[in-house]
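One letter stands for each residue in the lines below.
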Amino acid sequence: MRFPHGRLRRPAVLAAVVAAASAVTGLVPGAADAAPRGSAAVARLLPSAVPTPTPTPTVSATPYVMVTPAQVVVPEGGSALIYVRLSDRPSYGWVTVDSQRLSGDSDLSIGPRLLFPADRYNEWQALLVFAEEDDDATDGTATFESRISQLPGTGVAVWSATELDNDTATPSPAPS
């Protein structure tokens, strides 16, 4: 097949190639070809000359923080994981997510801040939750928040942690 000299555009070349392939095979792009008589029914589609558009992610100036699970149980002296991600692609580069304890047992603490590049906003990142050893036999609880540092007051997720205590309660003496 000969193409005219000069500047060729990609869609024109692609259309010419598909037309030539269709003429050789007898198939029409985007249409199913029928199986010959007496053979097993097989249908196949040739690729269409028009590419399908890829969806673009939502870009938001104010994404919010998503956390799962909303409540985690942490063994005393151990750790557990909370997973954090952003709801939408931010309209700027890196996003920092800071977490802090709002109230509750001070034996429960969390790991470092998380950094999200704009192109990986929807990938879950692990945040460590720690429960320090203590002398009481009480399962302590605490409420935490994870928020986007660059957007004070917006994008906040609130979640909780419960310490699964490993100390046994001291029995009280029986009355005499």
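Residues numbered from 1 in each chain as written. Predicted model: local features only at pLDDT ≥ 70, side-chain atom pairs only at ≥ 80, totals over all residues. Heavy atoms only, no water.

> What am I meant to see in the packing of aromatic side chains here?
Any pair of aromatic rings gets described here by the distance separating the centres and the angle formed by the planes. Summed over the entire model, instances satisfying the criterion amount to one aromatic pair. Ring plane angle 15° and centroid distance 4.7 Å describe the contact between F144 and W159, whose orientation is recorded as stacked. Residue F144 is located in strand β10 (residues 141–148), and its partner W159 is located in strand β11 (residues 157–164); the two are separated by 15 residues in the primary sequence. With respect to class, F144 is no different from W159; both count as buried. (Phe/Tyr/Trp six-rings, centres within 6.5 Å; stacked < 30°, edge-to-face > 60°. Helix = DSSP H or I, 4+ residues; strand = E, 2+ residues; numbered from the N terminus. Buried < 20%, exposed > 50% of the residue type's maximum accessible area, 1.4 Å probe, protein only.)

> Please explain the environment of P63 as it appears in this structure.
With respect to the helices and strands, P63 occurs in the loop between β1 (59–60) and β2 (65–68). You can call P63 buried: its relative accessible area is 1%. The spacing of P63 and S87 is 24 residues in sequence and 5.5 Å in space, taken between C-alpha atoms. Once residues within four sequence positions are removed from consideration, P63 is found in contact with S87, D88, P90, I148, L151 and G155. (Contact = heavy atoms within 4.5 Å.)

> So what exactly am I meant to see when it comes to the environment of S146 here?
By the element assignment, S146 lies in strand β10. Classification of S146 as buried rests on a relative accessible area of 0%. Sequence-distant contacts of S146, that is, excluding residues within four places in its chain, are made with V65, V67, V97, D98, S99, L127, G155, V156, A157 and W159. Within polar-contact distance, the side chain of S146 engages the side chain of S99 at 2.7 Å. Here W159 takes part through its side chain, which lies 3.0 Å from a polar atom of the side chain of S146. (Polar contact = N/O pair within 3.5 Å; in protein donor to acceptor, adjacent residues only side chain to side chain.)

> Please explain the sheet that holds strand β6 (residues 95–104) as it appears in this structure.
Strand pairing in a sheet relies on backbone hydrogen bonds, with the paired strands running either antiparallel or parallel. With mixed pairing, the five strands of this open sheet are ordered in space as β3-β11-β10-β6-β8. Only two strands of the sheet have a single partner each, and these edge strands are β3 (71–75) and β8 (114–116). Pairwise comparison of adjacent strand axes, ignoring direction, gives a mean angle of 30° for this sheet. As paired elements, β6 and β10 share seven bridges and run antiparallel to each other. Bridge pairing links S103 to T143 in β10. (Pairing = 2+ DSSP bridges. Axes fitted to C-alpha atoms, helices over the stretch in contact; angles between N-to-C directions.)

> Would you explain the pairing of β11 in this entry?
Two faces, one strand: in a regular strand the side chains alternate between the faces of the sheet. Pairing geometry for β3 and β11, over five bridges, is parallel. Paired with V73 across the two strands is T162, which belongs to β11. In this sheet, β11 lies alongside β10 in antiparallel orientation, the contact comprising six bridges. Counted as the bridge partner of F144 is W159 from β11.

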